[in-house]
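# Structural overview for review
As a plain string of letters, each chain reads:
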Amino acid sequence: MEGRLVRSYERSFNGFAARLTESEREQLAEMEGVVSVFPNKKLQLQTTASWDFMGLKEGKNTKRNLAVESDTIVGVIDTGVWPESESFSGKGFGPPPKKWKGVCSGGKNFTCNNKLIGARDYTGEGTRDSEGHGSHTASTAAGNAVTGTSFFGIGNGTARGGVPAARIAAYKVCTATGCTTESILSAFDDAIADGVDVISISIGDDNAIPYEKDPIAIGAFHAMAKGILTVNSAGNSGPNPNSVVSVAPWIFTVAASTTNREFLAKVVLQNGRTLSGRSVNAFDPKGKNYPLVEGTLGSQAKGKILVSRYPTISETAVATINVDYKNYASISPRPLSALSQYDFASLLSYVNSTKSPRGTVLKTEAVFNQKSPKVASFSSRGPNTLAVDLLKPDITAPGVEILAAYSPLGSPSLGDERRVKYSVLSGTSMSCPHVAGVAAYIKTFHPDWSPSMIQSAIMTTAWSMNASETGVASTEFAYGAGHVDPIAALNPGLGYELNKADHIAFLCGLKYTSKTLKLITGEAVTCTGNTLPRNLNYPSMSAKLSGSRSPFTVTFNRTVTNLGTPNSTYKSKIVLNHGSKLSVKISPNVLSMKSVNEKQAFTVTVTGSGLDPKLPSSANLVWSDGTHNVRSPIVIYTSG
C-alpha cells in the first residue's frame, strides 16, 4: 500500500481511502472485517435582509442567550473561508470555548482568530476560499454583523449570520472542480471530534445515492449519534419531481424560497414606459438613452442596447435585454435586464413599431414587497426516491438573491473581472446555512436538546406555505413542513424525538442487511422485529400507495414529548389541503400531559380512495393547547 494510502479515518469511524486497481478492490471487498469498498466520487456545491424577514432582528431586537451563543461552534463543510473578511473578524471575542478540540491548519498565510477558531483542508490547496461559496455559506450561518455591506451599492445594509456571536470552524473539501467523497468523510470525522455543535453542508450529488454509498449520509449518521445536527441543501435540480438529493431522516434537508426583497433592473423606454426586469446589474447608464436593436448577434449592437430572447449577454452592446426564464436575479458581468415573457413581448412590439426606438437599462435597486415566500423553481423537489414513505425536503428557507461574504479571488459571475468582498448568490446552498444558523440559535436556549428535537421544533412551528401554483412542484414535495420561523421554534410545545436505535429500525424496515447497515452505522447491527419506515417518529408523515383507484387505509404511529409546561392538554385538529378528500382520525385525539418531558403515543389513521396520480393528497395534523400549535404535514401519494 506504500504511497497509495490517500487518507485514513479513525476518529469517528474506521476506514481509509486508497488508490486501488479493480482486482485489488475486489480482493479487499472479500476480506474479513471489510464492510464496504466504494469509489471516490466528486459531488457538487449547490449554489441579509433574510434574517429580518424571518423575524430574527438585528442586535437587541432579538432575544439572545449571548454567553451560550459565544460557546456555540458551527462547522461549515465547503470551499473554505476568506479569513480576512470582516464577517469572520475576531474583534471583541474571548478565547475559543473550552470544549473546542480542533486546530487551525489552514495552510500558508492563513490565520485563525477567536471568531474563526478552526480551519482544516482536505484539498491540498489550503483552507483559503478561492471560490466564494464557502465564505458565503459560513457568513450566512454565523457571520458577524457587518454594517454597510452591498454589491456595488445594491442591497446595502448589514450582512450577518443567524448567530453572530457563535464561532466558526471551516472544513475545506471542495475545489473549483467539485468535492470528493473521501474529503467529505474526513471532514465529518474531524468536525465530530473537534466539538462542533451544528454542521452546515451545502453540497450534494446530482441524484440521490444509496445511504451506504453517500458520504454525507454516513458522516451525518455518526454526527447524529454524537448529538450533532447536520443541515444539508436539498439540491438545485427543481422543479422536476424526484430531484431531492438529501434523503436521510437523520439529515435536516432544506429547500430554497424567496424573501420579501427582490432585485429589479428597470428598462425605461423613450416613450415613458417602464418595464421591471430581474438582474443584479451594478452599471449606471447616467441618464443616457440608447438605440434598441432586436437580434441574436451582439456584433450588430455596438453602441446600442441588444434586445434578444436568448439568454445571451453581448460583449459589444451597451446593454442587453432578454427573457427571464429563472424568476430570480443573478449577477451580470455587463449591463443586463431580464424581463418577464409578457413584458419582453411588449418591448418587442415597441421596438418593431417605432421608427428609432430608444431606451436605457437602469442600475438594479432592491424592492421590498408583501408577497409571501415562494419555493424557487431550481429548488429540488420530492418525492424521496430512496425511502418513499419519508417526506423530503423537510423545510424551506431563504435561498434567493442572498447577499453574504465572498472571496476576493472568486469571480462574482462567469467571465466577470470584478472582485468583491460581498456577493449575491441563489441556491439551496444559501438556504441551508440559514437553517443551520436557526438550529444553532435554538441550541443556545436548549443546549440539552437532541438533533431530532431541534429539527422537530423547527418543522412543527414552520409557517405553512400555500401552493403558489398548481402541479406537484408547489406541494409539500417543494417545501416539506413549510417555512422556518426561528422565534416560534424556541417554544414548540411538543417534540418528536428520535435516536440512533430509531434510525437503525428505519433502515431495517427498508430491508437493509447487517452488512449494509454496518457501512452506515460503523458497528455490527442485527435487525429485530419489523418496523415500517413510515412509523419512524418523524415530525412529518408520508406514505406512497401502489394503486390510485382502490380504497385505502394507512396508519402512522407517533410519540410526542412535552416540551412546554406541566399539566398541558393538547387537542388534535385536522386541516385538509389542496382540495384533498382524505379522512383522518387521531387516537387518542386529546393528550393530557402531567409533567415536562412526559411522552405520549398516538395513532393517525388515514382513509380515502381515488387518489390523483399526478398530485399528492395532503392534510395537516395540529396539536394545540391554546398557546402552541404543533403542526405536522400528512402526505399520501401514488405512482398511478
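My aim in this report is to walk through the structure given alongside it, one point at a time.

The rules behind these values
- Residues numbered from 1 in each chain as written.
- Predicted model: local features only at pLDDT ≥ 70, side-chain atom pairs only at ≥ 80, totals over all residues.
- Heavy atoms only, no water.
- Phe/Tyr/Trp six-rings, centres within 6.5 Å; stacked < 30°, edge-to-face > 60°.
- Buried < 20%, exposed > 50% of the residue type's maximum accessible area, 1.4 Å probe, protein only.
- Helix = DSSP H or I, 4+ residues; strand = E, 2+ residues; numbered from the N terminus.
- Lys NZ or Arg CZ within 6 Å of the ring centre and 35° of its normal.
- Disulfide = S-S within 2.5 Å.

This part takes up the packing of aromatic side chains. In this description, an aromatic ring pair is defined by two values, namely the gap between the centres and the angle between the planes. This model, assessed by the stated rule, comprises nine aromatic pairs. Ring plane angle 85 degrees and centroid distance 4.9 Å describe the contact between F151 and F152, whose orientation is recorded as edge-to-face. Given the relative accessible area of 38%, F152 is considered partly exposed. Relative to W250, the ring of F221 lies with its centre 5.1 Å away and its plane at 90 degrees, an arrangement referred to as edge-to-face. Taken together, the positions of F221 in helix α6 (residues 215-225) and W250 in the loop between β13 (229-233) and β14 (251-257) put the pair 29 residues apart, joining distant regions of the chain. Of the residues examined, W250 reaches a relative accessible area of 3% and is grouped as buried. Linked through ring pairs, Y211, F221, W250 and Y512 together constitute an aromatic cluster. Looking at R128, its charged tip hangs above the ring of W82, at a distance of 4.5 Å from the centre.

Under the definition given, this model contains three disulfides. The side chain of C104 participates in a disulfide bridge whose partner is C112; the two sulfur atoms lie 2.1 Å from each other. Between C104 and C112, the S-S torsion sits near 85 degrees, and that sign places the bridge as right-handed. Each sulfur in the disulfide pair C174 and C179 lies 2.2 Å from the other. The sign of the S-S torsion, about 100 degrees, decides the handedness of the disulfide formed by C174 and C179: right-handed. For the protein, numbering the cysteines in disulfides from first to last along the sequence yields the connectivity 1-2, 3-4, 5-6. Here C432 is not disulfide-linked; the sulfur of C174 is the nearest cysteine sulfur, at 12 Å. Overall, C432 belongs to the buried group, its relative accessible area being 0%.

The next subject is unusual backbone geometry. The omega torsion of the bond from G238 to P239 falls at 0 degrees, within 30 degrees of zero and hence cis. Positionally, P239 belongs in the loop between β13 and β14. Note that the residue after G382, namely P383, is joined by a cis bond; omega there is 0 degrees. The phi dihedral of N242 falls on the positive side, at around 60 degrees, and the residue is not glycine. Locating N242 in the fold gives a position in the loop between β13 and β14.

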